[in-house]
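Structural features, examined
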Amino acid sequence: LGDFGSANFLAQLSTVAPGCVAYAAPECQTPALQGPKMDVYSFGILLFEMFTGKLPDPDRVHLLCVAPPSGSTAKQAITEIAKICVCQKVDDRPNMAAIYARLGQI
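The text that follows walks through the structure, step by step, so that each part is easy to find. (Residues numbered from 1 in each chain as written. Predicted model: local features only at pLDDT ≥ 70, side-chain atom pairs only at ≥ 80, totals over all residues. Heavy atoms only, no water.)

1. Looking at the state of the cysteines
Disulfides are covalent bonds that link the sulfur atoms of two cysteine residues. Under the definition given, this model contains zero disulfides. Of all cysteine sulfurs, the one in C87 lies closest to C85, which takes part in no disulfide; the gap is 8.4 Å. Exposure remark for C85: the relative accessible area of 0% places this residue in the buried category. (Disulfide = S-S within 2.5 Å. Buried < 20%, exposed > 50% of the residue type's maximum accessible area, 1.4 Å probe, protein only.)

2. Some details on the nonpolar core
Membership of the largest hydrophobic core comes to 19 residues, with the highest contact counts inside it found for F43, L47, C85 and I99. Elements with a minimum of two residues in this core: α2 (37-52) and α3 (73-85). (Core = buried A, V, L, I, M, F, W, Y, C linked by side-chain atoms within 4.5 Å. Helix = DSSP H or I, 4+ residues; strand = E, 2+ residues; numbered from the N terminus.)

3. So, the pattern of salt bridges
Within this structure, the stated rule accounts for two salt bridges. Between E27 and R93 there is a salt bridge, with the nearest N and O atoms lying 2.7 Å from each other. Taken together, the residues E27 in the loop between α1 (4-11) and α2 and R93 in the loop between α3 and α4 (96-104) connect sequence positions 66 residues apart. Per residue, the accessibility class of E27 equals that of R93, and both read buried. A salt bridge links K83 to E80; its shortest N-O distance comes to 2.9 Å. Here E80 and K83 lie together in helix α3, a separation of three residues that amounts to about one turn. Take K83: its relative accessible area is 7%, and that puts it in the buried class. Residue classification places E80 among the partly exposed positions, given a relative accessible area of 29%. (Salt bridge = Lys/Arg side-chain N within 4 Å of Asp/Glu carboxyl O.)

Pasting the structure below:
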């Protein structure tokens, strides 16, 4: 689940881009901005997909950062985690260790 950034790095050696555009972080197109938090973004999209059964619209995914959570307490907590994962600004996203810690508290 957490290898999109690594796969993208390997894409520099290939003529075919890896991964699925729906899971790609906004900085994916800018090599200088690529890093581990691309995987965080992809994980956030995966969480939303798991809980809704749908992929978010790539042009509107930034709205998920401000959407109010609903449902059970666990669902709300996971929704909050997903929302911070898909923030447009790389610096606003946590690292995977922080996400793992928050998931462990649910």
